Amino acid sequence: TEGNQFNVRKITILGNSSTKERVIRREFVLYPGETFDVNKLRRSMRELTILNYFSNITPDVQPVSDSEVDLFVQVEEKPTDNANVSAGYSERDGVIGAIGFTMPNFFGNGQRFSLDWNFGYYYRSFSVSFTEPWMFNTPTLGGVSFYDLNRGGNYYGFTEHVTGGSVRLGRRFRWPDDYTRGDWIYKLERSLYDDFE
């Protein structure tokens, strides 16, 4: 026997010490004022889990009257940033090294920023990228990237210099279902080769 239907009076987010509340709320498919739907709650928790910003997500539904409930969502932040620094010596390149870091939740805004720099005498590379998954507060992804590569010398037999970048746009769709998304990438690259032996 079905019980009474309940409306969601309010949704409260707890425990988000780093991630901004709007980043969490925009992943919900269950909203205040709607009829409480367990499937929508499960879908909302799934979308939050996919973000990979939290080690634990606990929803709690509290009745406040015969027709309304409040939803409390307790999240536990986890470290998401990654940095690496390395150095060494190569007979071909001499002193070599690498510096890089990735921030999947850039300053708690849900944006992604990454930078990588590799260096040696005959080989050097640099790349940087930035992605905004919710442009203009809509489920539209925008991203840009830039990279520069230099390598050459006796080991390669030529000199190579590659510079390029890309622009990416993505969008979530509602058809054929709201799990569908499309991505478009435009890439431009300039390559120079010289000093052939």
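Asker: What's the story with the sheet that holds strand β5 (residues 94-103) in this structure? I'm lost.
Answerer: Hydrogen bonds along the backbone pair up the strands of a sheet, which may run parallel or antiparallel. If you trace the seven strands from one edge of the open sheet to the other, you get β4-β5-β6-β7-β8-β9-β10, paired in antiparallel fashion. Strand pairing shows two members of the sheet lacking a second neighbour, β4 (82-90) and β10 (181-194), which therefore form its edges. On average, adjacent strands in this sheet sit at an angle of 5° to one another, irrespective of strand direction. Relative to strand β9 (residues 159-172), strand β8 (residues 140-151) is paired through twelve bridges, and the arrangement is antiparallel. Note on β9: the bridge partner recorded for G142 is L169.

Asker: Just checking my understanding: could you explain the side chain of S44 for this structure?
Answerer: Structurally, S44 is set in helix α2 (residues 38-51). The class of S44 is buried, set by a relative accessible area of 0%.

Asker: Sorry if this is basic, but what is going on with the environment of F113 here?
Answerer: On the secondary structure map, F113 appears in strand β6 (residues 112-119). With a relative accessible area of 18%, F113 lands in the buried category. In sequence terms F113 and Y193 are 80 residues apart; their C-alpha atoms lie 31 Å from each other. Residue contacts for F113: discarding those within four places in its chain leaves F101, T102, M103, F106, V128, S129 and F130.

Asker: What's the story with a nonpolar patch on the surface in this structure? I'm lost.
Answerer: Where nonpolar side chains cluster on the molecular surface, the patch consists of V144, V167, Y186 and L188 and spans about 420 Å² of accessible area. Relative to the elements of secondary structure, V167 occurs in strand β9.

About the thresholds
Residues numbered from 1 in each chain as written. Predicted model: local features only at pLDDT ≥ 70, side-chain atom pairs only at ≥ 80, totals over all residues. Heavy atoms only, no water. Pairing = 2+ DSSP bridges. Helix = DSSP H or I, 4+ residues; strand = E, 2+ residues; numbered from the N terminus. Axes fitted to C-alpha atoms, helices over the stretch in contact; angles between N-to-C directions. Buried < 20%, exposed > 50% of the residue type's maximum accessible area, 1.4 Å probe, protein only. Contact = heavy atoms within 4.5 Å. Patch = residues over 30% accessible without salt bridge, like charges linked within 9 Å, V, L, I, M, F, W, Y side chains within 5 Å. Areas by Shrake-Rupley, 256 points an atom, 1.4 Å probe, with all protein chains shown as cover. Salt bridge = Lys/Arg side-chain N within 4 Å of Asp/Glu carboxyl O.

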